[in-house]
Amino acid sequence: MSVRIVEVQNLSCEFAAGRGRDGRRQKLKAVDNVSFDVGREETLGLVGESGSGKSTIGRLLVGLLKASSGEIRLFGQSATGPGDAKALARVRKRIQFIFQDPHAALNPRMRIGDAIAEPLDIAGGWSKRDRADRIGELLEMVGLSHSFAMRFPHEFSGGQRQRIVIARALALNPEFVVCDEPVASLDVSMQAQIVNLLKDLQERLGLSYLFIAHDLAVVRSVSHRVAVLYAGRIVEISERRSLYQDPRHPYTQALLDAVPRPQVGRRPPPIKGEIISLIDRPEGCSLCPRCPSAMEICRRVDPALREIAPGKHVACHLYS
Ligand SMILES: Nc1ncnc2c1ncn2[C@@H]1O[C@H](COP(=O)(O)OP(=O)(O)OP(=O)(O)O)[C@@H](O)[C@H]1O
């Protein structure tokens, strides 16, 4: 097993959610007791429908949000406990975040060379010459000509803008990148190009990724392992091949059934029903109201995530 560079233990994150009917303050538990790790040069795919807590986990890892409880260790350094603040700041420089929407991520009035160099300017210490060389190097690294540096974002397609966003994320040589739905806003052929670019960069630069998506099709070719998230909890996590060939959790099976198939031509309906309330979580398994395999026990007892085969963890009473 490769070195673990990200270790997450029993992580939870709550948000204030106004007052309930009784006037009491309510909390929404977006991430509930989640544990996983990411190895060096590994991609962990994180998949779940809208509202399942994917972005919250990504933001917790890069320090944009504070955990309510649990522990995050980055390169061996605690990011949640009362650790060494300077050491943590050094570790944070080894981590970057790629946002979903390349249109929103780029300032329309900033030349793309300056946008890419923003992290260098913030870090400081770059001569004009080195800065210009680095911009050219980063543009070429993501498959764009260094002559584009003087252009503005509106001169580029969605896919090209995402390449620019990736170039900016790589400016300070990160080792771990949280990719939050990096291809969600692109058409299918562009999605494949960006996924291939990220894979290529991983090989060349030895990167590790947390790759967030709401669709199991998108993470298939890029992930070494995949974690499936439902209502803020991991319901299945395993090696990629095992997840796609032998999905065990009913929610993973439903997500796989919802993957579009070219020969069918249209997307089958996703699992019926709504995600449970994250404010007032009912007893028992969170999927129970929507689960085609629900049993009596599922209404009462919340299943723990258990290792049912080497490296394959599932939270479902069908396997207890
Ligand atoms: N800052 C916030 N304040 C209050 N609630 C929030 C906040 N951020 C997220 N939430 C809530 O937390 C839950 C999880 O949101 P999150 O964005 O992590 O889900 P997601 O799986 O990334 O969804 P999507 O695919 O739509 O981006 C949702 O119910 C969301 O409304």
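Residues numbered from 1 in each chain as written. Predicted model: local features only at pLDDT ≥ 70, side-chain atom pairs only at ≥ 80, totals over all residues.

As named in an unreviewed UniProt entry, the chain is Peptide/nickel transport system ATP-binding protein, taken from Saliniramus fredricksonii. The Sequence similarities (unreviewed entry) field of the UniProt record for the chain holds the comment "Belongs to the ABC transporter superfamily." Its UniProt record, at the heading Subcellular location (unreviewed entry), says of the chain: "Cell inner membrane". (UniProt positions renumbered as here; feature names shortened; annotations may be inferred.)

Some remarks on the site of the ligand
Around the ligand there are 13 residues in total, and F15, A30, S50, S55 and T56 lie nearest to it. Broken down by secondary-structure element, the contributors of at least two residues to the shell around the ligand are β2 (25-39) and α1 (54-62). At three residues, α1 tops the list of elements feeding residues into the shell around the ligand. The class makeup of the residues in the shell around the ligand is four nonpolar, eight polar and one charged. (Near = placed C-beta within 6 Å. Helix = DSSP H or I, 4+ residues; strand = E, 2+ residues; numbered from the N terminus. Nonpolar A, V, L, I, M, F, W, Y, C, P; charged D, E, K, R; others polar.)

Some words on the confidence of the model for the chain
Caution is warranted with low-pLDDT regions, since their predicted coordinates should not be read in detail. For the chain, the average pLDDT comes to 91, and 96% of its residues sit at 70 or higher. Note on the complex model: pTM 0.92, ipTM 0.97. (pLDDT = per-residue confidence, 0-100.)

Examining the UniProt feature "domain: ABC transporter" (unreviewed entry) in the chain
The UniProt entry lists residues 6-256 under the feature "domain: ABC transporter" (unreviewed entry), expressed in the numbering used here. Strand forms 28% of residues 6-256 and helix 38%; the C-alpha atoms that close the span are 27 Å apart.

Examining the sheet that holds strand β10 (residues 233-239)
Across the sheet, eight strands lie side by side as β6-β7-β8-β3-β9-β10-β12-β11; this open sheet has mixed pairing. Each end of this open sheet is capped by a strand with a single partner; those strands are β6 (95-98) and β11 (306-309). Sheet twist, expressed as the mean angle between neighbouring strand axes with direction ignored, is 20 degrees. Relative to strand β9 (residues 225-230), strand β3 (residues 43-47) runs parallel, the two sharing four bridges. Bridging across to β9, L44 finds its partner in R225. Those strands touched by helix α10 (residues 250-257) are β3, β9 and β10, and its axis lies near 105 degrees from that of β9. (Pairing = 2+ DSSP bridges. Axes fitted to C-alpha atoms, helices over the stretch in contact; angles between N-to-C directions. Contact = placed C-beta atoms within 7 Å.)

Things to note about the pairing of strand β1 (residues 4-19)
The side chains of a regular strand alternate between the sheet's two faces. Judged from the 10 bridges that link them, β1 and β2 form a sheet pairing that is antiparallel. Residue V8 lies in a different strand from β2, and its bridge partner there is F36. Looking at chain direction, β1 and strand β4 (residues 69-74) are connected through five bridges and run antiparallel. Directly across from Q9, in β4, lies its bridge partner E71.

As for the sheet that holds β1
With respect to topology, four strands assemble into an open sheet ordered β2-β1-β4-β5, the strand pairing being antiparallel. Sheet topology places β2 and β5 (77-78) at the edges, where each strand pairs with a single neighbour. α1 rests against β1, β2 and β4 of the sheet, and its axis sits at about 70 degrees to β2.

Overview of the environment of A89
Tracing the backbone shows A89 in helix α2 (residues 85-92). Judged by C-beta crowding, with 11 C-beta atoms within 10 Å, A89 ranks as exposed. (Buried ≥ 20, exposed ≤ 12 C-beta atoms within 10 Å, placed from the backbone.)

Some thoughts on helix α5 (residues 128-141)
Its 14 residues give α5 an end-to-end C-alpha distance of 20 Å, which sits within 8% of 20 Å, the value for a rise of 1.5 Å per residue. Turning to α5, its buried residues number three or more, namely I135, L138 and L139. All buried residues of α5 project into a common sector of 100 degrees when viewed along the axis, lining one side. Among the exposed residues of α5, those oriented more than 90 degrees off its buried face are R129, D130 and E140. Elements in contact with the buried residues of α5: α4 (112-123) and α6 (158-169). Among the residues trailing α5, G143 stands out with phi positive, at a value near 85 degrees. (Expected span 1.5 Å × (residues − 1). Arc of directions from axis to C-beta.)

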